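# Inside the fold
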Amino acid sequence: MKLALAQVAVKLNRSNIDLHLEEIKGCRADVIVFPELSLNGYMLQDKVYEDAFDQSELDCFVQASHNIDIVLGCALKVGHRIFNAGIYFSKGEIKHIHHKVHLPNYGMFEEARYYFKGECIEFFETLYGNTALVVCEDLWRGESIAELCAQKPEIIYVIANSPARDFQEEGLLIKDQWTAVLKTTALLCGAYVVFVNRVGFEDGMGFWGGSMIITPSGEIEAELKLFEAQTKTFELNKKLHFAQKQIIKNDIN
């Protein structure tokens, strides 16, 4: 399985579709993964009501997914409600939509003010096995990790807009914290965890990137640069997944 991490810098408006289609067109992978809210940008605030997308406006990605599976994020209208959504396109259809369940509403974050919350994490099948898709803060809850562990997916996509903060002499604390959460999830679920975080700036808020792939044994298999737009393709070693599953099975028995 060839997997492309598209660590992009997006604009704070509806003009990001062309950027996505260019990345998709030039990609030679089975799946390409973009960050949270990659079609809109993060700090939409009141603009979310005019900039959110209807599902019918995403047909270009439905068509593009005949050649490659696509994971992206957007502000999505569903009737009168707007969700922070992660969407998986495959083989000419929308395979799965995840509405972000845990909306941060502290410090610099105001998502609960502008979005409706999702209800749960649902699992879906792709050509690459049982799959889960979560959005940023969703993974920072014990109940979410427990739910993922119970289903034992083969691959977990985590799309994020994580701002840079807590700079220390040893490095970026938020990166270290994210790495710990991702590794823990991978180990407990026996799954590949694919984390894609954006880069760029919005209203003085900078996003740190550092997208990575964590193996089922909790090791960083691939990692992109900090603060730089970058798209790279990696090949997953599925043997690691099956080996970790056997370890978990033996531990339970």
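Rules used in this analysis
Residues numbered from 1 in each chain as written. Predicted model: local features only at pLDDT ≥ 70, side-chain atom pairs only at ≥ 80, totals over all residues. Heavy atoms only, no water. Helix = DSSP H or I, 4+ residues; strand = E, 2+ residues; numbered from the N terminus. Buried < 20%, exposed > 50% of the residue type's maximum accessible area, 1.4 Å probe, protein only. Contact = heavy atoms within 4.5 Å. Areas by Shrake-Rupley, 256 points an atom, 1.4 Å probe, with all protein chains shown as cover. Lys, Arg positive; Asp, Glu negative; His and termini not counted. Charge placed at Lys NZ, Arg CZ, Asp CG, Glu CD. 1 Å grid on protein atoms, 1.4 Å probe; cavity = no way out; pocket = protein on both sides within 12 Å on 5 of 7 lines; lining within 4 Å. Points joined across faces, edges and corners; volume = space filled by probe spheres on them. Nonpolar A, V, L, I, M, F, W, Y, C, P; charged D, E, K, R; others polar. Arc of directions from axis to C-beta. Expected span 1.5 Å × (residues − 1). Salt bridge = Lys/Arg side-chain N within 4 Å of Asp/Glu carboxyl O. Pairing = 2+ DSSP bridges. Right-handed = clockwise from strand over helix to strand, strands pointing away.

## Thoughts on the overall build of the chain
- Per the secondary structure count, the chain includes 7 helices and 16 strands.
- Each principal axis of the C-alpha distribution contributes one length, and for the chain these read about 55 × 45 × 35 Å.
- Taken over 253 residues, the chain has a buried fraction of 56%.
- Long-range contacts, defined here as pairs at least 24 residues apart, represent 67% of the contacts in the chain between residues at least 6 apart.
- For the chain, the exposed area adds up to about 11,000 Å²; of that, 49% sits on carbon and sulfur atoms.
- Averaging the positions of the 25 positive and the 35 negative side-chain charges in the chain gives two centres separated by 4 Å.

## With respect to the environment of Leu76
- Within the element layout of this structure, Leu76 appears in strand 3 (residues 69–78).
- Along the chain, Leu76 and Glu137 lie 61 residues apart, while their C-alpha atoms are 18 Å from each other.
- In this structure, Leu76 is in contact with Ala52, Phe53, Asp54, Gln55, Leu58, Arg81, Ile82, Phe83, Ala85, Ile87, Ile97 and His99, ignoring residues within four places of it in sequence.

## Some words on the layout of surface pockets
- Approximately 190 Å³ is the volume found for the largest pocket.
- What lines the largest pocket is simply Arg81, Phe83, Ile97, His98, His99, Lys117, Gly118, Glu119, Cys120 and Glu122.
- Elements that contribute at least two residues to the lining of the largest pocket include exactly strand 4 (81–90) and strand 5 (93–99).
- For the lining of the largest pocket, the per-class residue count stands at 3 nonpolar, 3 polar and 4 charged.

## Observations concerning helix 1 (residues 17–25)
- Turning to helix 1, its buried residues are Ile17, His20 and Ile24. Across the axial projection of helix 1, the buried residues extend over an arc of 65°, all falling on one side. Turned more than 90 degrees off the buried face of helix 1, the exposed positions are Asp18, Glu22 and Lys25.
- In the core, the buried residues of helix 1 are packed alongside strand 2 (31–33), helix 3 (59–64) and strand 3.

## Brief notes about helix 6 (residues 173–189)
- Taking 1.5 Å per residue, 17 residues should reach 24 Å; helix 6 reaches 24 Å between its end C-alpha atoms and fits that length.
- For helix 6, the full list of buried residues reads Ile174, Lys175, Trp178, Thr179, Val181, Leu182, Thr185, Ala186 and Cys189. Projection of helix 6 onto a plane perpendicular to its axis shows the buried side chains occupying an angular sector of 165°, all on one side.
- Where helix 6 ends, the next residue or the one after it, Gly190, has phi of about 65°, a positive value.

## Examining the pattern of salt bridges
- Taken as a whole, this structure holds 10 salt bridges when the rule is applied.
- We note a salt bridge from Arg14 to Glu57, for which the minimum N-O separation is 2.4 Å. Within this pair, whereas Arg14 is found in the loop between strand 1 (2–7) and helix 1, its partner Glu57 is found in the loop between helix 2 (48–51) and helix 3, the two being separated by 43 residues in sequence.
- Take Glu57: its relative accessible area is 30%, and that puts it in the partly exposed class.
- Salt-bridge contacts for Lys47 lead to Asp51; the nearest nitrogen and oxygen are separated by 2.4 Å.
- By sharing partners, the salt bridges in this structure join Glu36, Lys100 and Glu111 into a single network.

## Topic: the pairing of strand 8 (residues 155–160)
- Of all 6 residues in strand 8, 6 are buried, a share of seventy percent or more.
- Burial along strand 8 is two-sided: Ile155, Tyr157 and Ile159 facing one way and Ile156, Val158 and Ala160 facing the other are all buried.
- The pairing of strand 7 (residues 129–135) with strand 8 spans 5 bridges and is classified as parallel. Paired with Leu133 across the strands is Tyr157, a residue of strand 8.
- One crossover worth recording links strand 7 to the parallel strand 8 by way of helix 5 (residues 142–151), and it is right-handed.
- Relative to strand 11 (residues 192–197), strand 8 is paired through 6 bridges, and the arrangement is parallel. Of the residues in strand 11, the one forming a bridge with Val158 is Phe195.

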